[in-house]
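Structure at a glance
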Amino acid sequence: MAWAGGAEPHGDGRGDKRPAWDNKGQYLLSCLGFAVGLGNIWRFPYLCQTHGGGAFLIPYLIALVLEGIPVFYIELAIGQCLRRGSIGVWTAVSPYLGGVGLGCLTVSFLVSLYYNTVLSWVLWYLLNSFQDPLPWSSCPLDINRTGAFEAECQASSTVSYFWYRQTLNITADISDNGSIQWRLLACLAASWAVVYLCVIRGIETTGKAIYFTALFPYLVLTIFLIRGLTLPGAVRGLIYLFTPNVQTLRNPRVWLDAATQIFFSLSLAFGGHIAFASYNPPRNNCEKDAVTVALVNSLTSLYASIAVFSVLGFKAANDHGRCLDRNLLRLLNAFDLPDQSISRDDYAAVLAHLNATQPESVARLPLEVCQLEDFLDKSASGTGLAFVVFTEAVLHMPGAPGWAVLFFGMLFTLGLSSMFGNLEGIITPLLDLGVLRRSVPKEVLTGLVCLLCFLSATCFALQSGSYWLQVFDSYAAPLNLIIFAFFEVVGIAYVYGMPRFSDDIACMTGRRPGLYWRVTWKVVSPLLLLTIFVAYIAVLAWTPLSYRAWDPQYAWFPSRQEKSYPGWVQATCVLLCFLPALWVPAVALVQQLAKRRQKQDTWQDGCPKLQEGGAS
């Protein structure tokens, strides 16, 4: 096989035989578990709804074919070929590209900090779901226990109050750190303990846990889908989700969001897939693996969208019905009509009749605008979907605690399987580098990494922690991953060399890559990634650095107040955007200086010999 530099595959860097997957299914489930994460549940449906419904699938599929699958194939192939983690792989391709591996490791570390914090929030909700009624189903009494309910809860909603006040106990400003929330810190410690127990011996233990963590979410999604389709309003939710609006395709932001969604959905440039592939046998068909995992990941996003929006359609229909009931009550009281004399179906006709006969009386009534589409529009992404919108939908379902347990159990296992890939993207390169002596067990390094991550993530357990998590989520990974993916494609196509890489693939799969792969690797994917990079920079430059604060004193509460980040937080955002990527020029510069120094040493060593030879 045409290994880099003609060398044979390396082990784990510690002198031991490199571990291997027990079977092919274990490896595919691990890749799928890493790729399929929380974003498939709470970001893709939101993007699909807001960017033209079914029309969004057009740029999504184009980005999948031209960007996602080609980059994914490169990571699986080079990891399997060189049998090393991200740092070892890109150093072997070229010492000048060693910074790409270090950058991938850094991003995996930063993402692990806040990703597992989200899991700690999920764990908190999961533990609170074993109650009937659910704790977010009603407002608590005020502190004085005078019989009145908390004013903040009454002004917002029960689910929002439980999330922002009883869970996060959030401050009104990011500059006000507040105090440590010990219940969240305990959940954070428990989440890292679970992650450590699962990754304690690398793929030997994650390979066993992945059977449950990767397959359980599909079981829960199927249960939610079957139940959701039987609920009133589910069909309206799905029609609203997938009704195509082709006009939205004229908006460049739609194409940018589609490209970035594919990119992050497949977990590209984190180093986790390279680490997973390095434990494969040399003759494994990585081309088939790349296509299979990428397609299943995208189909999972569609499947999750149907399940989620069937339930959200039910919630919208429920909210629409209650809105009509409030208006009906106002009409009955204002015009002294008999109770139950107007049904929901008759409301529009009755209102039109009253508007025609008694317009002044109707105009004085505080009637709400009750349009089902308006309630369907009130969807959200991220934590807003998981901890506010969906939890409210669950409240209206019979047997609410059981559905809450299933939902948050699904989110926890989804996030856990993604954490396996994040940690492998950190631990495998460190093992390959031999940062610990051979006599030190692997469990010690894994424990030290998890402990460091836990201690670094304690800032998210502060009252301002959710604001900081938003900062990390928005700025730590996106731009850096685009940069690293660009260098990965260029590094393989133009530094490692396409003929050499094609020989490696022929040895692994039995055939050389076809025209589609060669064209996307050499031309299409680099240009597309460069375009995404420029567009993303433009979006960042034009988007104000701001956040939405939860402030009960805000005049328009419960709407969240838009605030600009303080100067020092803006500096942190910029630092997170570019700090991991600085590894690339830094390592290249060090290599260049070392090479120049080596030439100088060689020249100085040769000078005396020349002079001695000339004297004789």
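Residues numbered from 1 in each chain as written. Predicted model: local features only at pLDDT ≥ 70, side-chain atom pairs only at ≥ 80, totals over all residues. Heavy atoms only, no water.

Test applied: UniProt positions are given in the numbering used here, feature names are shortened, and annotations may be inferred rather than shown by experiment.
Under an unreviewed UniProt entry, the name given to the chain is Transporter, and the organism recorded is Neovison vison. As stated in UniProt under Subcellular location (unreviewed entry), the record for the chain gives "Membrane". The UniProt entry for the chain carries this comment under Sequence similarities (unreviewed entry): "Belongs to the sodium:neurotransmitter symporter (SNF) (TC 2.A.22) family."

1. Brief notes about the UniProt feature "binding site: Na(+)" (unreviewed entry) in the chain
Threshold: Should any heavy atoms of two residues lie within 4.5 Å, those residues are considered in contact. Numbering of helices and strands starts at the N terminus; helices are DSSP runs of H or I of at least 4 residues and strands are runs of E of at least 2. Residue burial is assigned from relative accessible area. The probe radius is 1.4 Å, only protein chains are included, and a residue is buried under 20% of its type maximum, exposed over 50%, and partly exposed in between. Under this definition, polar contacts are N or O atom pairs within 3.5 Å; protein pairs additionally need one hydrogen-donor-capable and one acceptor-capable atom, and for neighbouring residues in sequence, both atoms have to be side-chain atoms.
UniProt marks Gly-33, Ala-35, Val-36, Asn-40, Ser-265, Asn-297, Leu-414 and Ser-418 with the feature "binding site: Na(+)" (unreviewed entry), using the numbering shown here. These annotated residues cover 386 residues of sequence, and their C-alpha atoms all fall within 12.7 Å of one another, placing them together at a single site. Once residues within four sequence positions are removed from consideration, Ala-35 is found in contact with Asn-40, Ser-265, Leu-266, Ser-267, His-273 and Asn-297. Summarising the element assignment, Asn-297 is placed in helix H14 (residues 286–334). Looking at Asn-297, the relative accessible area reads 1%, which means it is buried. Leaving out residues up to four positions away in the same chain, Asn-297 has contacts with Leu-32, Ala-35, Val-36, Asn-40, Ser-265 and Leu-266. At 2.8 Å, the side chain of Asn-297 forms a polar contact with the side chain of Ser-265.

2. Focus on unusual backbone geometry
At the junction of Asp-132 and Pro-133, the peptide bond is cis and its omega measures out at 5° in the coordinates. In this fold, Pro-133 is placed in the loop between helix H6 (98–128) and helix H7 (151–155). A cis geometry characterises the amide bond from Phe-557 onward to Pro-558, with omega recorded as 20°. Checked against the element boundaries, Pro-558 lands in the loop between strand E1 (546–549) and strand E2 (561–564). Residue Asn-169 is not a glycine yet carries a positive backbone phi of 50°. By secondary structure assignment, the location of Asn-169 is in the loop between helix H8 (158–167) and helix H9 (182–199).

3. Focus: H8
Burial runs high along H8: 8 of the 10 residues are buried. Of the residues making up H8, those classed as buried are Val-159, Ser-160, Tyr-161, Phe-162, Trp-163, Tyr-164, Arg-165 and Thr-167. Looking at the buried side of H8, the elements it contacts are H6, H7, H9 and helix H18 (383–395). Just past H8, the residue Asn-169 takes up positive phi, approximately 50°.

4. Some words on the environment of Leu-61
Along the polypeptide, Leu-61 turns up in helix H4 (residues 57–82). Of the residues examined, Leu-61 reaches a relative accessible area of 47% and is grouped as partly exposed. Considered as a pair, Leu-61 and Pro-95 are 34 residues apart in the sequence and their alpha carbons are 35 Å apart.

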